[in-house]
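Geometric and topological summary
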Amino acid sequence: MSEEVQAEQEAPEVEPDSVVPLLFGRLLKRLRTQAGMERAELGSRTGYSGATIASYEQGRRIPNAKFIMQADEGLNARGMLVEFIEDMEKAQYPAFFQDAAALEKKAVELHVFATKAIPGLLQTEDYAFAVCRMWRPLLDEETVQKRVAARLARQDIFAQPVFPTISFVIEEHLLRRPLGGQAVMRGQLEQILLHGQRRNVEIQVMPTAREAHAGIEGPFTLIETKNGRRIAYVEAYKSSRLYTDRETVRELEQQYGVLRAQALTPSESLALVEKLLGET
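Quick summary incoming for the structure in this document. The model shown is predicted, which means the values in this text are computed figures rather than measured ones.

1. Section: the overall build of the protein
If you tally the helices and strands in the protein, you get 13 helices and 6 strands. Taken over C-alpha atoms, the radius of gyration comes to 21 Å for the protein, in line with the 19 Å a tight globule of 280 residues would show. Counting the 280 residues in the protein, one finds 48% classified as buried. Long-range contacts, defined as pairs at least 24 residues apart, comprise 70% of the intrachain contacts of the protein with a sequence gap of at least 6. Carbon together with sulfur atoms contributes 50% to the accessible area of the protein, which is approximately 14,700 Å² in total. Separation of charge centres in the protein, based on 35 positive and 40 negative side chains, amounts to 3 Å.

In structure tokens form, the structure reads like this:
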């Protein structure tokens, strides 16, 4: 394996947001030791370097599901490592978003109202880096790398065999604010246009000039699961939370319905994005 391919596969070194990577790492090391296998050998079998295996064992990096399954088989763990997959996926995200990310992944319907930045599901890598690097207090570079990788991984939702229904209402000013510079914003606008062509995705823009606005209290996401559960995720500084009670969820559903009526239609919205792209 070339160093370039290996570098692409290896996860960035991070400071985990939970103890799960530490517990996984200890179990991985114990199983590897019991199998009489050196880190380099396990790395060779799974396509990683011995240094990366050490980082996994020390809980400093979060392995992907493919590695976990390969290690489970190679170390004859009988599913003990595989049981960590879901929790390890959650550990990629900040603590306040972990439960929402797990629900998002299983959603059959997902509706997003965005007021702070382009929604994570639509972000390009460059835009995501720009957003994370502007966070205050400043995040260290390892944490930035981790959060961007996790954000991009969420976009696998677009590749699911059974398409979820996804809609976005995005404040117009977000399309005009060139976070990261004009080149980054141009790529971001192009990506919005591409996602807007998907049959299961509708993107609407809330014009800044609207005199009526049903969502002045801030951003939120509505999630419906396969079993019919309806959940709302509301973003707030240090207190973002999920709501499952029907009264709160219904209130936000009503807000979102009015927001969609007040916003530009999907075709009008994509026309505006295309216009802004031409101006960048």
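Moving on, there is more to tell.
2. Examining helix H2 (residues 20-34)
When the terminal C-alpha atoms of H2 are compared, their 21 Å separation across 15 residues agrees well with the 21 Å that a helix rising 1.5 Å per residue should span. Looking only at H2, the buried set comprises Val-20, Pro-21, Phe-24, Gly-25, Leu-27, Leu-28, Leu-31 and Arg-32. Buried residues in H2, looked at end-on, bunch into an arc of 170°, giving them a common side. In H2, the exposed positions angled more than 90 degrees off the buried face are occupied by Arg-26, Thr-33 and Gln-34. Taken from the residues just after H2, Gly-36 is the one with a positive phi, measuring 65°.

3. A few points about the pairing of strand E1 (residues 107-114)
In terms of burial, E1 is largely enclosed, as 6 of its 8 residues are buried. The pairing of E1 with strand E4 (residues 220-225) spans 6 bridges and is classified as antiparallel. Bridging across to E4, Val-112 finds its partner in Thr-221. As defined by bridge partners, E1 adjoins strand E2 (residues 165-171) across 6 bridges and the pair is classed as parallel. Looking at E2, one finds that Val-112 is bridged to Phe-168.

4. Here's the deal with a nonpolar patch on the surface
On the surface, a nonpolar cluster with roughly 250 Å² of combined accessible area is contributed by Val-19, Leu-22 and Leu-23. Inspection of the secondary structure assignment puts Leu-23 in helix H2.

So, how was this worked out
- Residues numbered from 1 in each chain as written.
- Predicted model: local features only at pLDDT ≥ 70, side-chain atom pairs only at ≥ 80, totals over all residues.
- Heavy atoms only, no water.
- Helix = DSSP H or I, 4+ residues; strand = E, 2+ residues; numbered from the N terminus.
- Rg over C-alpha atoms; globule rule 2.2 N^0.38 Å.
- Buried < 20%, exposed > 50% of the residue type's maximum accessible area, 1.4 Å probe, protein only.
- Contact = heavy atoms within 4.5 Å.
- Areas by Shrake-Rupley, 256 points an atom, 1.4 Å probe, with all protein chains shown as cover.
- Lys, Arg positive; Asp, Glu negative; His and termini not counted.
- Charge placed at Lys NZ, Arg CZ, Asp CG, Glu CD.
- Expected span 1.5 Å × (residues − 1).
- Arc of directions from axis to C-beta.
- Pairing = 2+ DSSP bridges.
- Patch = residues over 30% accessible without salt bridge, like charges linked within 9 Å, V, L, I, M, F, W, Y side chains within 5 Å.
- Salt bridge = Lys/Arg side-chain N within 4 Å of Asp/Glu carboxyl O.

Any functional reading would require information that these geometric values do not contain.
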